[in-house]
Amino acid sequence: MSAIEFLRPEGWLDESGGPRYVQLRHRLESGIESGVMPPNSSLPPEREIAEITELSRVTVRKAIQELVREGLIEQRQGSGSFVRERMSRMEQSLSHLTSFTEDMARRGMKTTSRWLERGVFLATQAEREGLDLTDGAEIARIYRLREAGGRPMALERASLPLDILPNPLEVTTSLYEVLGRNGVRPVRAVQKISAINLAAREADLLSVAEGAAGLSIERTSYLASGRVAELTRSLYRGDAYDFVAELHL
Ligand code: 16G
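All values derive from a computational prediction rather than experimental measurement.

A. Representation of the site of the ligand in the model. Taken together, 18 residues sit near the ligand, with Thr101, Arg144, Glu156, Ser174 and Glu230 positioned nearest. Glu156 is positioned with one of its side-chain polar atoms (N or O) 2.6 Å from an oxygen atom of the ligand. Within the side chain of Ser174, a nitrogen or oxygen atom sits 2.5 Å from an oxygen atom of the ligand. Look at the ligand: alone it shows 460 Å² of surface, and the protein chains cover 100% of it. Spatially, the ligand is embedded in the largest cavity. Listing elements by their share of the shell around the ligand, those giving two or more residues are helix 5 (100–106), strand 5 (138–148), helix 7 (175–181), strand 8 (213–222) and strand 9 (228–237). Among the elements that take part in the shell around the ligand, strand 9 stands out by supplying 4 residues, more than any other.

B. Representation of the domain arrangement of the protein chain. Parsing the protein chain into structural domains produces domain 1 (3–83) and domain 2 (90–244). Relative placement of domain 1 and domain 2: their C-alpha centres are 39 Å apart.

C. How the structure looks around the nonpolar core. Grouped together as the largest cluster of nonpolar side chains are 20 residues, with contacts concentrated most on Leu7, Leu24, Leu28, Met37, Val60 and Ile64. Taken together, the elements giving at least two residues each to this core come down to helix 1 (3–6), helix 2 (20–33), helix 3 (46–53) and helix 4 (57–70). Sort the elements by how many residues they give to this core and helix 4 lands first, with 4 residues. Contacts of Ile64, omitting those with residues within four sequence positions, involve Leu28, Leu43, Glu46, Ile49, Ile73, Gln75 and Ser81. One finds Ala140, Ile164, Val171 and Leu175 within the second-largest nonpolar core, a separate group that totals 14 residues.

Rules of the game
- Residues numbered from 1 in each chain as written.
- Predicted model: local features only at pLDDT ≥ 70, side-chain atom pairs only at ≥ 80, totals over all residues.
- Heavy atoms only, no water.
- Near = heavy atom within 4 Å.
- Polar contact = N/O pair within 3.5 Å; in protein donor to acceptor, adjacent residues only side chain to side chain.
- Areas by Shrake-Rupley, 256 points an atom, 1.4 Å probe, with all protein chains shown as cover.
- 1 Å grid on protein atoms, 1.4 Å probe; cavity = no way out; pocket = protein on both sides within 12 Å on 5 of 7 lines; lining within 4 Å.
- Sits in = over half its atoms within 2 Å of the grid points.
- Helix = DSSP H or I, 4+ residues; strand = E, 2+ residues; numbered from the N terminus.
- Domains from an automatic or database assignment.
- Core = buried A, V, L, I, M, F, W, Y, C linked by side-chain atoms within 4.5 Å.
- Buried < 20%, exposed > 50% of the residue type's maximum accessible area, 1.4 Å probe, protein only.
- Contact = heavy atoms within 4.5 Å.

What follows is the structure, encoded as structure tokens:
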């Protein structure tokens with residue numbers, strides 16, 4: 001059955017059934033739950049929904065806005081409304097210094113990366129300060145969209161001193177695996193986590209709506225000698241992750 005057939009008003013729209021936008025919202029919710037409108041499918045345009053249900057466009061818009069707020073539907077600029085893919089949230093421990101690849105492997109998921117930048121660059125001021133480098137220093141920088149089980153999870157930009165990672169092209173899957181092989185895997189890290197709203201470009205790469213909630217995590221990691229080995233900023237989809245810390249007295 002097509003979405004528009006499913007929305008024919010016979011059988012669900014009822015004069016005495018309460019506010020009409022609420023009835024339409026429930027109908028759309030059941031269409032999403034039953035799979036008539038599967039994840040990533042587009043919703044029929046407002047105009048068509050209004051025609052078939054004989055409801056006003058204002059009523060249709062109100063029902064859709066509520067589903068957007070609930071996170072069931074997302075609006076993509078210029079291309080309409082889509083059923084959102086629902087993520088099962090993941091828990092990540094805040095007490096173990098693990099890599100993304102290891103975290104996902106533990107859940108039986110394969111990781112892939114889309115490379116956005118990978119090479120040797122002149123360090124920015126923030127990188128020089130964070131990595132304790134002098135003016136004019138070069139660094140290895142890798143910027144990637146990290147996917148697990150084919151789904152975008154995080155955007156991650158890592159900067160490392162060149163003597164820690166002389167050849168960034170060596171990193172094809174796991175950065176920590178390469179560092180481990182070269183005897184420079186960090187042993188300690190400090191993370192700062194903040195809530196953000198994802199800007200248009202980042203939201204687009206992560207397949208969420210502009211302004212969607214995200215988590216920004218800055219990790220500074222250290223070698224046993226105390227030297228800074230890595231400065232990484234990760235932007236996680238807010239709907240994908242729970243970070244869990246264990247506390248002891
Ligand atoms: C994690 C780390 C990141 C590290 C990466 C290495 C957080 C917030 N960040 O994503 O700092 O660079 O793992 O992963 O956990 P890889 O070895 O799979 O490339």
